[in-house]
Amino acid sequence: MEFDKEVDARGLNCPLPILRAKKMLAEMITGQVVRVLATDPGSVKDFQAFARQTGNELLRQGETVDNAFEFFLKRK
């Protein structure tokens, strides 16, 4: 999937992956996509809730080959 920006939050625990993604989204324009990489297992539920609460669209989530969680968020 194509993306405009990337946040590497691997090795960081909650709430840092969300905070880093939120900061990046604030710098982006409507329609742009950010890819977030995280290793915190709690980030799966966190990013789902974050998308619902902020109105940003969670386009896709999954795992990478190196066992990181990958999220694609579209700026509202």
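Shown above is the structure to which this text applies.
Residues numbered from 1 in each chain as written. Predicted model: local features only at pLDDT ≥ 70, side-chain atom pairs only at ≥ 80, totals over all residues. Heavy atoms only, no water.

(A) Summary view of the overall build of the chain. Per the secondary structure count, the chain includes two helices and four strands. From first element to last, N terminus to C terminus, the chain shows the α and β order β-α-β-α-β-β. Scaling as 2.2 N^0.38, a compact globule of 76 residues should have a C-alpha radius of gyration of about 11 Å, and the chain matches this with 11 Å. A separation of at least 24 residues holds for 66% of the contacts in the chain among residues at least 6 apart in sequence. Split by element, the accessible area of the chain, about 4,600 Å² in all, is 49% carbon and sulfur. Charged side chains in the chain number 12 positive and 11 negative. The centres of these two groups are separated by 7 Å. (Helix = DSSP H or I, 4+ residues; strand = E, 2+ residues; numbered from the N terminus. Rg over C-alpha atoms; globule rule 2.2 N^0.38 Å. Contact = heavy atoms within 4.5 Å. Areas by Shrake-Rupley, 256 points an atom, 1.4 Å probe, with all protein chains shown as cover. Lys, Arg positive; Asp, Glu negative; His and termini not counted. Charge placed at Lys NZ, Arg CZ, Asp CG, Glu CD.)

(B) Structural detail: the pairing of strand β2 (residues 33-38). Among the six residues in β2, six count as buried, and that is most of the element. Judged from the five bridges that link them, strand β1 (residues 5-9) and β2 form a sheet pairing that is parallel. Bridged to V7 within β2 is V36. As for the winding sense of the linkage, the β-α-β connection from β1 through helix α1 (residues 16-26) to β2 is right-handed. As paired elements, β2 and strand β4 (residues 69-74) share six bridges and run antiparallel to each other. When the sheet's bridge partners are listed, R35 is paired in β4 with F72. (Buried < 20%, exposed > 50% of the residue type's maximum accessible area, 1.4 Å probe, protein only. Pairing = 2+ DSSP bridges. Right-handed = clockwise from strand over helix to strand, strands pointing away.)

(C) Seen up close, the pattern of salt bridges. If you walk through the whole model with that rule in mind, you get five salt bridges. Ionic pairing is found between R35 and E6, a salt bridge with its closest N-O pair at 2.4 Å. In this pair, R35 sits in strand β2 while E6 sits in strand β1, placing the two residues 29 residues apart along the sequence. Among the residues examined, E6 registers a relative accessible area of 37% and is labelled partly exposed. Of the charged contacts, one joins E70 and R60 as a salt bridge, the two residues approaching to 3.9 Å between their closest N and O atoms. In this pair, E70 is assigned in strand β4 and R60 in strand β3 (residues 57-63), connecting sequence segments ten residues apart. If you follow the salt bridges from partner to partner, you end up with E6, R35, R60 and E70 in one network. (Salt bridge = Lys/Arg side-chain N within 4 Å of Asp/Glu carboxyl O.)

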